[in-house]
Each structure stands twice: as structure tokens, then as C-alpha cells.
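# Residue-level structural notes
Read off the chains here:
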Amino acid sequence: SQTIHQWPATLVQPVGSPLSLECTVEGTSNPNLYWYRQAAGRGLQLLFYSVGIGQISSEVPQNLSASRPQDRQFILSSKKLLLSDSGFYLCAWRGQREKLFFGSGTQLSVL
Amino acid sequence: SQQGEEDPQALSIQEGENATMNCSYKTSINNLQWYRQNSGRGLVHLILIRSNEREKHSGRLRVTLDTSKKSSSLLITASRAADTASYFCATDVSAGYALNFGKGTSLLVTP
């Protein structure tokens, strides 16, 4: 069966520090992968999606970037975090039946 | 971008009552999906309804879709305390692309 792993679960970082969040999927090949962000009390905002290795589409211009170095690995990065980057980050993959499977999320607090 | 808009934003009911949540969207869709999110966790897929379907059932869940009004509703019958969570609708406007999520309805079911 397919599983998705996302880490870390919580992260507290100072403004201006770098960021790296990792997501891996098991049990499937060539999945579509997604990074969403959820601000407190708000819905999910699509940040990046990828349909294959090295193929990244950005939805929101910002100081975040994403990479897909391997088929089932999706990384969200920043060189310098801003206060506004705080939020709940969710990785997801899309199965053949069109629904999304989400990781458990990373709560990022930028102080 | 967010396309779905749930209503109400918050709903409080007692166990045994039915809970109804509504979702409105703006553009044509391939399908509409409902997800559930427990506090601090990832989203879990509940049910998918295609644009050519009008109603769908899954256990205690009933979803309706009115494409002429660009709206959907999720009914949870005989609610339980364990149903306490946030519920999101998500629209699929382009096959293989990402889902657009609304801001969600926060449901509280009290014993």
C-alpha cells in the first residue's frame, strides 16, 4: 500500500534562516506531488506541484522553492525565512482515482 | 487559488443530529471532493462526486452537486463526537492538475 512521509512535524526557525522540508512517497511510482500551505483559520493554498523528476510548477511567487530530485521525493526550501512563511505545510500525492493523499503536515513557526 | 467557499464557517451540533455543510465554486469542474481534517493533522479524503453526478452516498455521508448553481452540500447523518473536525471541499478543474480548496467548515459535535 502507498504511504506518504513528511518531516519534521514541528519546526521553529528564526527570521532569515534557511528551510528544508522533505516529503517521500512509498508504494507508487511517478506520482503527481504537491506542496500546500495552510495559514491559521484559512484554507489550503497551493504552493508547488510536480508531475515528474525535475518538473516543478510554482503557483505563488515568494521566497520558497521546491525540488524533486527523485521520483518519490519532494523538497520545499527557502534560503531566508520571513515571518509570513509561518503556517502548516502539507505534502500530498495524487493517486489514479483522482483523490489526494496528504502527509501529516509540518507546523512551521518563524520567529 | 481558492475556488471553493464553504458555508457555514463554523457549526456546532449535538450528537445524533445531522450536519449540513455547503460549498460554492466559480468555474466549471471535472469533479468535486470533500476532505476532513482533524486538528493539527493532514487532510483525509471522504468522497468524490463527478460533474455528471447529482448525488452520492458513502456510509453516513451524502453529497449533492448542482452544477447549474455551482454548489455542493455534504450531509453527515447521526453525527458523533468523533466527527468533530474541519471539512473542506475541493474542486478539480483540470485533470492531472491540483485541487483548489476552500477555507473549510469547522464542525463541533458535543456529546
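Here is what the cut-offs are and how they apply
Residues numbered from 1 in each chain as written. Chains lettered and ligands numbered in written order. Predicted model: local features only at pLDDT ≥ 70, side-chain atom pairs only at ≥ 80, totals over all residues. Heavy atoms only, no water. Helix = DSSP H or I, 4+ residues; strand = E, 2+ residues; numbered from the N terminus. Rg over C-alpha atoms; globule rule 2.2 N^0.38 Å. Areas by Shrake-Rupley, 256 points an atom, 1.4 Å probe, with all protein chains shown as cover. Lys, Arg positive; Asp, Glu negative; His and termini not counted. Charge placed at Lys NZ, Arg CZ, Asp CG, Glu CD. Buried < 20%, exposed > 50% of the residue type's maximum accessible area, 1.4 Å probe, protein only. Contact = heavy atoms within 4.5 Å. Buried area = accessible area lost by both parts, 1.4 Å probe. Salt bridge = Lys/Arg side-chain N within 4 Å of Asp/Glu carboxyl O. Polar contact = N/O pair within 3.5 Å; in protein donor to acceptor, adjacent residues only side chain to side chain. Phe/Tyr/Trp six-rings, centres within 6.5 Å; stacked < 30°, edge-to-face > 60°. 1 Å grid on protein atoms, 1.4 Å probe; cavity = no way out; pocket = protein on both sides within 12 Å on 5 of 7 lines; lining within 4 Å. Points joined across faces, edges and corners; volume = space filled by probe spheres on them. Nonpolar A, V, L, I, M, F, W, Y, C, P; charged D, E, K, R; others polar. pLDDT = per-residue confidence, 0-100. Pairing = 2+ DSSP bridges. Axes fitted to C-alpha atoms, helices over the stretch in contact; angles between N-to-C directions.

Attention now goes to the overall build of chain B. What chain B contains, in helices and strands, is zero helices and 11 strands. Computed over the C-alpha atoms, the radius of gyration of chain B is 13 Å, within 12% of the 13 Å expected from 2.2 N^0.38 for a compact globule of 111 residues. Projected onto the principal axes, the alpha-carbon positions of chain B cover approximately 40 × 30 × 20 Å. Surface exposure of chain B reaches about 5200 Å², of which carbon and sulfur atoms provide 46%. In chain B, 12 positive and 10 negative side-chain charges are present, and the distance between their average locations comes to 4 Å.

This part is about the overall build of chain A. From N to C terminus, chain A includes zero helices and 11 strands. Listing each helix as α and each strand as β along chain A from the N terminus yields β-β-β-β-β-β-β-β-β-β-β. Since a compact globule built from 111 residues should have a radius of gyration of about 13 Å, the 13 Å found for chain A is in line with a globular shape. Principal-axis analysis of the C-alpha atoms gives chain A an extent of 40 × 25 × 20 Å. Here chain A, with 111 residues, has 48% of them falling under the buried criterion. Restricting the contact set of chain A to residue pairs at least 6 apart, pairs at least 24 apart contribute 53%. Carbon and sulfur atoms make up 51% of the accessible area of chain A, which totals about 5400 Å².

A word on the interface of chain B and chain A. At the interface, 21 residues of chain B touch 20 residues of chain A. Interface area for chain B against chain A, summed over the two sides, is near 1700 Å², with a carbon-plus-sulfur share of 49%. Three residues, L43, Y97 and F101 of chain B, lead the burial of chain B against chain A; their summed loss comes to 29% of the area buried on that side. Here chain B and chain A share two salt bridges between them. Taking the shortest distance from any N to any O, the salt bridge between R94 of chain A and D92 of chain B comes out at 2.5 Å. Connecting chain B to chain A are seven residue pairs in polar contact (both at pLDDT 80 or more).

Per the stated rule, a full pass over the model turns up nine aromatic pairs over all chains. Taken together, a centroid distance of 5.4 Å and an interplanar angle of 85° make the contact between Y36 of chain A and F101 of chain B edge-to-face. Residue Y36 of chain A is located in strand β4 (residues 32-38), and its partner F101 of chain B is located in strand β10 (residues 100-101); the two belong to separate chains. Judged by relative accessible area, Y36 of chain A falls into the buried class, the value being 0%. Residue class for F101 of chain B comes out buried when judged on its relative accessible area of 1%. On the basis of an interplanar angle of 20° and a centroid distance of 4.7 Å, the ring pair of W93 of chain A and F101 of chain A is categorised as stacked. Among the aromatic residues, ring-to-ring pairing joins Y34, Y36, Y49 and F102 of chain A together with Y35 and F101 of chain B into one connected group.

Turning our attention to the layout of surface pockets. One number sums up the size of the largest pocket: a volume of about 260 Å³. Taken together, 15 residues line the largest pocket, and the ones lying closest to its centre are Q38, A39, A40, G41 and R42 of chain A. Sorting the residues of the lining of the largest pocket by element identifies β9 (87-94) of chain A together with β9 (85-92) and β11 (105-110) of chain B as the ones contributing at least two each. Its residues placed into classes, the lining of the largest pocket shows four nonpolar, nine polar and two charged.

Mean pLDDT over chain A works out to 92, with 99% of the residues at or above the 70 mark. Mean pLDDT across the secondary structure elements of chain A bottoms out at strand β6 (residues 55-58) of chain A, with 90, and peaks at strand β2 (residues 10-13) of chain A, with 97.

Residue and element names in this part refer to chain B. Reading across the sheet, the five strands line up as β1-β3-β8-β7-β6 and stay open at both edges, with antiparallel pairing between neighbours. Of all strands in the sheet, those with a lone pairing partner are β1 (5-7) and β6 (55-58), marking the two edges. On average, adjacent strands in this sheet sit at an angle of 20° to one another, irrespective of strand direction.

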